[in-house]
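# Overview (structure and organization)
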Amino acid sequence: MANLPDYVAMAKPNPMANRVSWWKSTAQTYAGIMLWFVFWQDIPNGGTNAAGGMLACGLPVAIAAVVLAAFLCHLLFYLVPGKLGMKTGLPLYIVGTSTYGVNGGFLMPGFLMGVLQFGWLAVNAYFSGALLSGAMGMEFNSPVHMGISIVWALVAAFIGLKGIQYVAPIATFLPLIPLVILVLLVVKTAGGLGSFEPQTLVQGVQSQEGVLPALGTYGIFNLLGIYIIGFFATAGAAGCDMGAGNRDNRDVQLGGLFGVFGSTVFAGVCSLLVYAGAYGAGMIPYTQNVGATPNLMEAIMGSKAIAGTLMTLLAVAAFPSACFCAMIAANSFKTTLPKVNPFVTCGIGVSCAIILIVTTLAGKAAGVFSVIGASFGPICGAMVADYLLSGCRWNGPRAGFNLPGWISWFFGFIVGAFNFLPADMRGGFDMPCPPLLAFFVGFLLYALLAKMGLESQTLDLPQNVE
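Residues numbered from 1 in each chain as written. Predicted model: local features only at pLDDT ≥ 70, side-chain atom pairs only at ≥ 80, totals over all residues. Heavy atoms only, no water.

## What about the overall build of the protein?
The number of helices and strands found in the protein is 20 helices and 0 strands. The C-alpha radius of gyration of the protein comes to 22 Å, within 12% of the 23 Å expected for a compact globule of 466 residues. Across its three principal directions, the C-alpha atoms of the protein cover 70 × 45 × 40 Å. Counted over contacts in the protein with a minimum sequence separation of 6, partners at least 24 positions apart contribute 86%. Only carbon and sulfur atoms are counted for the fraction: they give 68% of the accessible area of the protein, which is about 18200 Å². Side chains of the protein give 17 positive and 15 negative charges; the mean places of these two sets differ by 11 Å. (Helix = DSSP H or I, 4+ residues; strand = E, 2+ residues; numbered from the N terminus. Rg over C-alpha atoms; globule rule 2.2 N^0.38 Å. Contact = heavy atoms within 4.5 Å. Areas by Shrake-Rupley, 256 points an atom, 1.4 Å probe, with all protein chains shown as cover. Lys, Arg positive; Asp, Glu negative; His and termini not counted. Charge placed at Lys NZ, Arg CZ, Asp CG, Glu CD.)

## A look at the packing of aromatic side chains
In the structure shown here, the tally under the stated rule is 25 aromatic pairs. With a centroid separation of 5.5 Å and 35 degrees between ring planes, the pair formed by Trp120 and Phe369 is classed as tilted. Placement of the pair is Trp120 in helix H7 (residues 104-135) and Phe369 in helix H18 (residues 365-389), with a sequence separation of 249 residues. Look at Phe369 and you get buried, because its relative accessible area is 0%. The interplanar angle of 90 degrees and the centroid separation of 5.3 Å between the aromatic rings of Phe439 and Phe440 together place this pair among those described as edge-to-face. Taking relative accessible area as the criterion, Phe439 reaches 2% and is therefore assigned buried. (Phe/Tyr/Trp six-rings, centres within 6.5 Å; stacked < 30°, edge-to-face > 60°. Buried < 20%, exposed > 50% of the residue type's maximum accessible area, 1.4 Å probe, protein only.)

## Section: the nonpolar core
Counting 148 residues, the largest nonpolar core has Phe37, Phe39, Ile43, Phe77, Leu121 and Phe232 as the members making the most contacts within it. With 16 residues, the single largest contributor to this core is helix H4 (residues 59-88). Beyond its immediate chain neighbours, meaning those up to four positions away, Phe77 contacts Leu72, Ile229, Phe232, Ala233, Gly236, Ala237, Gly377, Cys380, Pro435, Leu436 and Phe439. (Core = buried A, V, L, I, M, F, W, Y, C linked by side-chain atoms within 4.5 Å.)

## Points about the side chain of Ser456
Tracing the chain through its elements places Ser456 in the segment after helix H20 (434-451). Taking the relative accessible area as the measure of exposure, Ser456 reaches 19% and is therefore buried. Look past the residues within four positions of Ser456 in its chain and what remains in contact with it is Arg398, Ala399 and Asn402.

## Digging into H7
Taking 1.5 Å per residue as the helical rise, H7 with its 32 residues ought to reach 46 Å, and the 46 Å between its terminal C-alpha atoms agrees with that figure. Phe111 marks the point of greatest bend in H7, at about 40 degrees. Most of H7 is tucked away, with 26 of its 32 residues classed as buried. Gly137 occupies a position one or two residues after H7 and carries a positive phi of about 85 degrees. (Expected span 1.5 Å × (residues − 1). Bend = angle between axes of the 7 residues up to and from the residue.)

## Points about the confidence of the model for the protein
Taken residue by residue, the protein gives an average pLDDT of 91. The fraction at 70 or more is 96%. Of all secondary-structure elements in the protein, the lowest mean pLDDT belongs to helix H9 (residues 168-171), at 60, while H20 reaches the highest, 98. (pLDDT = per-residue confidence, 0-100.)

## A short note on the packing of helix H2 (residues 26-34) against helix H12 (residues 217-237)
For the pair H2 and H12, interaxial distance at closest approach is 11 Å and the crossing angle is 155 degrees. Our classification of the angle between H2 and H12 gives roughly antiparallel. The handedness of the crossing between H2 and H12 is right-handed. Residue-level inspection shows Tyr30, Ile33 and Met34 of H2 in contact with H12, the latter providing Phe231, Phe232, Ala235 and Gly236. Looking at the contact of H2 with H12 residue by residue, the classes come out as 6 nonpolar, 1 polar and no charged. (Axes fitted to C-alpha atoms, helices over the stretch in contact; angles between N-to-C directions. Parallel < 35°, antiparallel > 145°, perpendicular 65-115°, else oblique. Left-handed = near helix turned anticlockwise from the far one by under 90°. Nonpolar A, V, L, I, M, F, W, Y, C, P; charged D, E, K, R; others polar.)

## Some points on the pattern of salt bridges
Going through the model one piece at a time under the given rule, you end up with 4 salt bridges. Residue Arg247 is joined to Asp251 by a salt bridge in which the shortest nitrogen-to-oxygen separation is 2.8 Å. Among the residues examined, Asp251 registers a relative accessible area of 0% and is labelled buried. Beyond isolated ion pairs, a larger network of salt bridges with shared partners links Asp386, Arg398 and Glu455. (Salt bridge = Lys/Arg side-chain N within 4 Å of Asp/Glu carboxyl O.)

This is the structure in structure tokens:
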């Protein structure tokens, strides 16, 4: 007890009486995350400008890549954190002290999770502002777009810090908006699916300026893996917090199967079907490279006004997610920096988010997902190794800085961020699916170093947890 920091010693497990079934908690929350339009809008192009995008080899290949990436998110990144949260009733920043130590856990994953939330806030505000300004007929990155995005970030941060209880009730129903819109778009374009010709799409756009060569099957699986796993990585680690609200292992499993795997497959596949169907039905000529899926809505609906309304609804449905990002960051800072006014720490975070917005860096969603995957891939991998080595239970907090956790994260992050190096420094080599490899590096290094006896001493925790 004497060696435990206050933030660990004072942690209280979520009592079983407060826990609810999977469909009222985990599945519902993850569905809201994966139905967020910023996730599924770029699935057909994978965040790249390759000719034909993810559809260059046809729909079956693209759908298979989405399904595989969704399964890996559930199995590798969500399941163990979810079980740890369920067994302990404790949040990520406490559970993580077993992997990184009570001093190290202050920084990672707790503080790092808080910092990265402002990156998510910037992405949310940027793309929501783009939809709202686009619905008003304003150009991308126009002053109106920037203004809406900045106000969006400020209001969401304030509510997340002071009044999230007013957002939570409506957040239960708002994820239904993108679900209904996706179904509507699929129904409107389904007639063109049989006529979709992937090679015609590739040939139609490949001669345009800035368009890259078409990807093969490997390239499609690799890029969608980077995109989907990178997007999900922090949400997977946050499975601790989700699982702390679950009653048993069945809740954790079903919550992930429906909320993580099911929602990811539904959103990703619907976006692919809409894209292919719109081209196949002749709503969009094969020579036009349209980019994100929402850009198709005017052609699909046949009305600029209806398309604008749908864009506005998608943006409104994204607002609770922005508030939740700010809330998670505020909770992290309140816990790890209890003596600092959260308005100060969150104010600094929002300022950084605004910088990402006005520099348009927040608009490079695929790049943001890659950074997050590089950061949290090795964290999830090390947590899984720690869990398995401890007999599928939480080992409890460890003293100081637990070296296997930090060493595995360092090398895992290098692997995950490798492709950010200039091409000449990499010798032209591209690391395949860096977020996934970062996970395995974190897993294997933690297991190896733990077997070598480098783990720090386990400390007693006042609460009884498994």
